[in-house]
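Single-letter residue listing:
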Amino acid sequence: MTKFEQVYARLDRIESEFRSRFDRLEHQFNRLQAKMEVMFVPLLDWAICRKMKKLH
């Protein structure tokens, strides 16, 4: 294996490791975002309804 091939193989490993970590993070972020939406949307609706009632 030449030096170039070793460097290339190492870069390949680093890239796949980074990709898997990034995918995991993205998955966690999506789950968190979904939870936030579930909690936040009713709260937002409630706040908008209160605001509308105050305007009338």
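The sections below set out a description of the structure shown in this document. Only a predicted model underlies this, so the values are computations on that prediction, with no experimental measurement involved.

Overview of the overall build of the protein chain
Thought 1: A count of helical and extended segments in the protein chain gives one helix and zero strands.
Thought 2: Computed over C-alpha atoms, the radius of gyration of the protein chain comes to 24 Å, more than 25% over the 10 Å expected from 2.2 N^0.38 for 56 residues, which places it beyond the range of a compact globule.
Thought 3: Seen through its C-alpha atoms, the protein chain measures out along the principal axes to roughly 80 × 15 × 5 Å.
Thought 4: Buried residues in the protein chain amount to 0% of all 56 residues.
Thought 5: When the accessible area of the protein chain is evaluated, it comes to approximately 6000 Å², of which 65% is carbon and sulfur surface.
Thought 6: Taken together, the 12 basic and 8 acidic charged side chains of the protein chain have centroids lying 12 Å from each other.

Some details on a positive patch on the surface
Thought 1: Residues Arg50, Lys51, Lys53 and Lys54 make up a contiguous surface patch of positive charge.
Thought 2: The class for Lys53 is exposed, based on a relative accessible area of 66%.

Focus: helix H1 (residues 3-55)
Thought 1: With 53 residues, H1 should reach 78 Å at 1.5 Å per residue; the first-to-last C-alpha distance of 73 Å fits that figure.
Thought 2: The sharpest bend along H1 measures roughly 30 degrees and falls at Phe40, with the proline Pro42 sitting one to four residues further on.

So, a nonpolar patch on the surface
Thought 1: A contiguous nonpolar surface patch, about 750 Å² in accessible area, is contributed by Phe40, Leu43, Leu44, Trp46, Ile48, Met52 and Leu55.
Thought 2: Tracing the backbone through its elements, the reader meets Phe40 in helix H1.

Section: the packing of aromatic side chains
Thought 1: Under the criterion given, the structure shown has two aromatic pairs.
Thought 2: Taking 6.3 Å as the distance between ring centres and 25 degrees as the angle between the ring planes, the aromatic pair formed by Phe4 and Tyr8 counts as stacked. Linking Phe4 with Tyr8, this pair stays in helix H1, spanning four residues, or about one helical turn. As far as burial versus exposure is concerned, Phe4 and Tyr8 are alike and both exposed.
Thought 3: When the ring of Phe18 is compared with that of Phe22, the centres are 6.3 Å apart and the planes differ by 20 degrees; the resulting orientation is stacked. One end of the pair is Phe18 and the other is Phe22, both in helix H1 and four residues apart, which spans about a single turn.

What counts as what
- Throughout this description, residue numbers start from 1 for each chain and increase along the sequence as written.
- At least 70 in pLDDT is required for a residue's local features to be given in this predicted model, at least 80 for side-chain atom pairs to be given and counted, and no such filter applies to totals for whole chains, interfaces and linings, which use all residues.
- Note: side-chain values were computed over all heavy atoms of the structure, leaving out hydrogens and water.
- For the purposes of this entry, the term helix denotes a DSSP run of H or I that reaches at least four residues, the term strand denotes a run of E that reaches at least two, and both are numbered from the N terminus.
- For the radius of gyration, the atom set is restricted to C-alpha positions; the globular benchmark scales as 2.2 Å times the number of residues to the power 0.38.
- Relative accessible area decides the class of each residue, using a 1.4 Å probe on protein chains only: under 20% of the type maximum gives buried, over 50% gives exposed, and in between gives partly exposed.
- Computed with a 1.4 Å probe, the accessible areas rest on the Shrake-Rupley method; for each residue, only the protein chains presented here act as cover.
- Positive residues here are Lys and Arg, negative ones are Asp and Glu, while His and the chain termini are left out of the count.
- Lys charges are placed at NZ, Arg charges at CZ, Asp charges at CG and Glu charges at CD.
- Put simply, a patch holds well-exposed residues, over 30% relative accessible area, that have no salt bridge, with like charges counted together within 9 Å and Val, Leu, Ile, Met, Phe, Trp or Tyr side chains within 5 Å.
- Think of a salt bridge as a Lys or Arg side-chain nitrogen and an Asp or Glu carboxyl oxygen that are within 4 Å of each other.
- How far a helix is expected to stretch is found by multiplying one less than its residue total by 1.5 Å.
- Here the bend at a residue is taken as the angle between two axes, fitted respectively to the seven residues that end there and the seven that start there.
- The aromatic pairing rule takes the rings of Phe, Tyr and Trp, using the six-membered ring of Trp, and pairs them if the centres are within 6.5 Å, calling planes under 30 degrees apart stacked, those over 60 edge-to-face and the rest tilted.

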